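Structural features, examined
Here is how the chains run, residue by residue.
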2 protein chains.
Amino acid sequence: MVIRIVLFASPASSNTPFLDVRSYVPPVQIGETMRGASVCRVLASKSKQATAGDYVCGFTGWTQYAVLREGAFEPSSNYPGLREPKDMLSVLGMTGLTAWIGMTKIGEPKAGETVVVSGAAGATGSIAGQIAKINGARVVGIAGSADKCKRLVEELGFDVALNYKDADFKEKFKEATPKYIDVYFDNVGGEILNMCLARAKEHARFVMCGGISQYNSANPEGPSNISRVISMRIKMQGFIVFDHIKDYGKARQELSQWVSEGKIKKTEHILPGGLQVAEQGLVDLYKGSNTGKLLVEVKNPKENPSKL
Amino acid sequence: MVIRIVLFASPASSNTPFLDVRSYVPPVQIGETMRGASVCRVLASKSKQATAGDYVCGFTGWTQYAVLREGAFEPSSNYPGLREPKDMLSVLGMTGLTAWIGMTKIGEPKAGETVVVSGAAGATGSIAGQIAKINGARVVGIAGSADKCKRLVEELGFDVALNYKDADFKEKFKEATPKYIDVYFDNVGGEILNMCLARAKEHARFVMCGGISQYNSANPEGPSNISRVISMRIKMQGFIVFDHIKDYGKARQELSQWVSEGKIKKTEHILPGGLQVAEQGLVDLYKGSNTGKLLVEVKNPKENPSKL
């Protein structure tokens, strides 16, 4: 048995909403602790995998303290290349792994190919785009503000970044994909997915990772260009990171190496203020307020745990 | 140079319409001969691959006579297991090959899995469903009339066949897929594709072959359940038979063996009446008038060619 204090909590998966029926996880019930992964400092432990003072990562939910059984957490030793505890939730965590699995195993971008990433400033998209760059692709990011687009190009090395809220976005998008799209990493669904279908090249790979534009829609929009899947021989592959646990080791090794070589810039967006800001953080996640992995700082990690 | 008389003409591919821009084939221009494959009897030949009296298959378009260069036709010797000339257009032709490629290379049905085929009474669907049965799957066909459904079950061995025009089709479809869908072979798109997304099992394979319900729609319908691709980790793969020429030999060998063993019943729907019925045949194809591969008998193959 391990007792921990939560340092950072991830407000929610940016994947499928937890209220969906027949989703890959059961919905969160009214009255239950909201689901979320966190990085924790161990206060006391009977586990062989962690001792007091260690950092671990686990699905604690939104909480300040958690008691977890053996097997319900990952010790920091599972994270090769870990530099600081919160890497366990961002670049080496679920969203970084999601980017790696989707881009490496499904997208498979080749040098010179055109890769489009939507939700490109998000926790997953920002890593996915950088992985495509490492593979020599030309990367076009789509995000929701001029500021995010600036960061994608200037800090993260995207070739082009487009703000989908711009009035001339559609024309700019065509101009940015003159040789059509080889790989589309979809985090948003909806109209942008539909545009990418229209611009898909023969044998394009569509990495279906998320559809945040549709999660809260009562009448989700289907892509009217779906027939392109046939005419362009598109492979559209959905995936969930949990299905690929056997690849986590290799993925974390590559990701941490890329971080250490400066090829991947870590992108986190930390909300200070403790658990009381988590709820608003979740609301803001759907508004696209964050650039990079959105984390709530439940407790300052530098603070002496004995003070608690 | 080879001179032939066309015996059977295929009114059109049941795949993507030929008027689409940026399709896998250029659109047919006004005034051009309508595109179509045919089986022909050679009248005279300078080719080493065929002599007078032989049967060949080629993309002649809708015509009674054609002059074709070497390489623009396939001699009957390319078709292992050929029993009669029109097999070259049906079970061993493009639609049979399409069924084989889609089901064998993308669908990969396993024993006990549930396979759904739409357009199941069509040239491709009827073969696709039978291939799934050969692989030990439970096969549910969807077609557009009670008569077609009866044939699918009684003659072709489908486990269940449902008429999508029935008022209680949706309920029947749910009842027919109690363990959800492992493989969906899509020939129709639209609302049926959307229903199959809602009934997809984890890791389902969606073989995207055709979308005939949407071809002539000014406002094609997108599947609002597209998010299932993610939550159910669906692989949705479009394909065009021409990309798989290297597999034709193996496919024809298997198909002809299955036909000879009685495991695949050939399904053809022949319109007599010569080329003048071809235009109406094409119109009727989109109405679903045919069961099996729709062929126009341009000339009775038993008639003496010297009489022409």
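Along each chain, residue indices are assigned from 1 in the same order as the chain's sequence is written. A letter from A marks each chain and a number from 1 marks each ligand, given out in the order of writing. It should be noted that, the model being predicted, local features are given only for residues of pLDDT at least 70 and side-chain atom pairs only at 80 or more, the latter also being counted only at that level, while totals for whole chains, interfaces and linings use all residues. Side-chain measures were taken over the full set of non-hydrogen atoms in the model, leaving aside hydrogen atoms and water.

**Notes on the overall build of chain A**
Starting at the N terminus, helices and strands are each numbered in turn, a helix being any DSSP run of H or I of at least four residues and a strand any DSSP run of E of at least two. Looking only at helices and strands, chain A features eight helices and 13 strands. Here chain A has a C-alpha radius of gyration of 19 Å; the compact-globule value for 308 residues is 19 Å, and the two agree. Its C-alpha atoms give chain A principal-axis dimensions of about 60 × 45 × 35 Å. Expressed as a percentage of its 308 residues, the buried residues of chain A come to 54%. Long-range contacts, defined here as pairs at least 24 residues apart, represent 66% of the contacts in chain A between residues at least 6 apart. Carbon and sulfur atoms provide 52% of the accessible area of chain A, an area that totals close to 13000 Å². For chain A, the distance from the average position of its 38 positive side-chain charges to the average position of its 31 negative side-chain charges is 3 Å. Restricting the calculation to C-alpha atoms gives the radius of gyration, and the globule rule supplies 2.2 Å times the number of residues raised to the power 0.38. Buried residues are those whose accessible area, probed at 1.4 Å on protein chains only, stays under 20% of the maximum for their type, while exposed residues exceed 50% and partly exposed ones sit between those limits. By the convention used here, residues are in contact when the closest approach between their heavy atoms is within 4.5 Å. Only the protein chains shown count as cover for residues, and the accessible areas themselves come from Shrake-Rupley with a 1.4 Å probe. Under this rule, positive means Lys or Arg and negative means Asp or Glu; His and the chain ends count for nothing. Note that the charge is assigned to NZ on lysines, CZ on arginines, CG on aspartates and CD on glutamates.

**As for the environment of Met103(B)**
Residue and element names in this part refer to chain B. By the element assignment, Met103 lies in helix H1 (residues 94–107). Expressed as a C-alpha distance, the spacing of Met103 and Ile131, which sit 28 residues apart in the sequence, is 7.1 Å. Once residues within four sequence positions are removed from consideration, Met103 is found in contact with Glu108, Pro109, Val115, Val117, Ala128, Ile131, Ala132, Val183 and Phe185.

**Some remarks on the confidence of the model for chain A**
Residue and element names in this part refer to chain A. The predictor rates its confidence in each residue with pLDDT, a number between 0 and 100. Summary statistics for chain A give a mean pLDDT of 89 and a share of 91% for residues scoring 70 or more. Note that pLDDT drops below 50 for residues 1–5; the model gives that stretch 38 contacts with residues more than four away or on any other chain. Counting interchain partners and residues more than four positions distant, the pLDDT-below-50 stretch residues 12–20 has 30 contacts.

**What about the interface of chain B and chain A?**
Opposite the 35 residues of chain B that make contact, chain A presents 35 residues. Buried area, as used here, totals the accessible surface that two parts lose on assembly, with accessibility defined by a 1.4 Å probe and the loss added over both. Buried area between chain B and chain A, both sides added, is near 2800 Å², and the carbon and sulfur share of it is 56%. Salt bridges, as used here, are contacts in which a Lys or Arg side-chain nitrogen is within 4 Å of a carboxyl oxygen on Asp or Glu. Across the salt bridge formed by Asp243(B) and Arg233(A), the nearest N and O atoms sit 2.6 Å from each other. Here a polar contact is recorded for every N or O atom pair within 3.5 Å, except that within protein the pair must consist of a potential hydrogen donor and a potential acceptor, and residues adjacent in sequence are included only if both atoms are side-chain atoms. Linking chain B with chain A are five residue pairs in polar contact (both at pLDDT 80 or more), by the criterion used here. Only helix H5 (190–198), strand E10 (200–208), helix H6 (228–231) and strand E11 (235–238) of chain B provide two or more residues apiece to the side of chain B that touches chain A.

**Re the pairing of strand E10 (residues 200–208) of chain A**
All names here are of chain A. For two strands to be treated as a pair, DSSP must find no fewer than two bridges joining them. Bridging between strand E9 (residues 181–186) and E10 involves five bridges; their strand directions are parallel. Bridge pairing links Asp186 to Met208 in E10. Viewed along the sheet, the connection from E9 through helix H5 (residues 190–198) into E10 turns out right-handed. Sheet topology places E10 next to strand E11 (residues 235–238); four bridges connect them, and they run parallel. Across the sheet, Phe206 pairs through a bridge with Met236, a residue of E11. Every crossover in which the path from the first strand over the helix to the second runs clockwise, viewed with the strands pointing away from the viewer, is termed right-handed.

**Some remarks on the packing of aromatic side chains**
Two numbers describe a pair of aromatic rings. These are the distance of the centres and the angle of the planes. In this scheme Phe, Tyr and Trp rings, the latter by its six-membered ring, pair at centre separations within 6.5 Å, and the angle between planes marks the pair as stacked below 30 degrees, edge-to-face above 60, and tilted otherwise. For the structure on display, the rule yields six aromatic pairs over all chains. When the ring of Phe169(B) is compared with that of Phe173(B), the centres are 5.9 Å apart and the planes differ by 40 degrees; the resulting orientation is tilted. Taken as a pair, Phe169(B) and Phe173(B) lie in helix H4 (residues 169–176) at a separation of four residues, close to a single helical turn. On the basis of relative accessibility, which here comes to 5%, the residue Phe169(B) falls in the buried class. Looking at Phe173(B), the relative accessible area reads 1%, which means it is buried. Cation placement over rings: the criterion is NZ of Lys or CZ of Arg within 6 Å of the ring centroid and within 35° of the ring normal. Above the face of the Tyr79(A) ring, Arg252(A) is positioned so that its terminal group lies 3.9 Å from the ring centre.

**Here we look at the packing of helix H1 (residues 94–107) of chain A against helix H2 (residues 123–134) of chain A**
Residues and elements named next belong to chain A. Orientation is described by axes fitted as lines to C-alpha atoms, over the contacting stretch for helices, and by angles from 0 to 180 degrees between their N-to-C directions. Two elements in contact, H1 and H2, have axes separated by 8 Å at closest approach and are oriented at 45 degrees. By the angle class used here, H1 and H2 are oblique. With respect to the hand of their crossing, H1 and H2 are arranged in right-handed fashion. Of H2, the residues touching H1 (which contributes Thr95, Gly96, Thr98, Ala99, Trp100, Met103 and Thr104) are Ala123, Thr124, Ile127, Ala128, Ile131 and Ala132. For the contact of H1 with H2, the per-class residue count stands at eight nonpolar, five polar and no charged. Each angle is binned into one of four classes, with values under 35 degrees roughly parallel, values over 145 roughly antiparallel, values of 65 to 115 roughly perpendicular, and all other values oblique. Handedness of each helix crossing follows the sense of rotation of the near helix against the far helix: counterclockwise by less than a right angle gives left-handed, clockwise gives right-handed. Residue polarity is assigned by list, with Asp, Glu, Lys and Arg as charged and Ala, Val, Leu, Ile, Met, Phe, Trp, Tyr, Cys and Pro as nonpolar; anything else, Gly included, falls into the polar class.

**Concerning the sheet that holds E11(A)**
Note on sheets: strands pair through backbone hydrogen bonds, and any given pair is parallel or antiparallel. Read from one edge to the other, the open sheet built from twelve strands follows the order E8(A)-E7(A)-E6(A)-E9(A)-E10(A)-E11(A)-E11(B)-E10(B)-E9(B)-E6(B)-E7(B)-E8(B), with strand pairing classed as mixed. With partners counted over all chains shown, the strands left at the sheet margins are strand E8 (160–163) of chain A together with strand E8 (160–163) of chain B, one partner each. Taken pair by pair, the neighbouring strands of this sheet meet at an average axis angle of 15 degrees, ignoring direction. As paired strands, strand E7 (residues 138–143) of chain B and E8(B) are joined by four bridges and run parallel to one another. The residue bridging Ile142(B) from the neighbouring strand is Leu162(B), located in E8(B).

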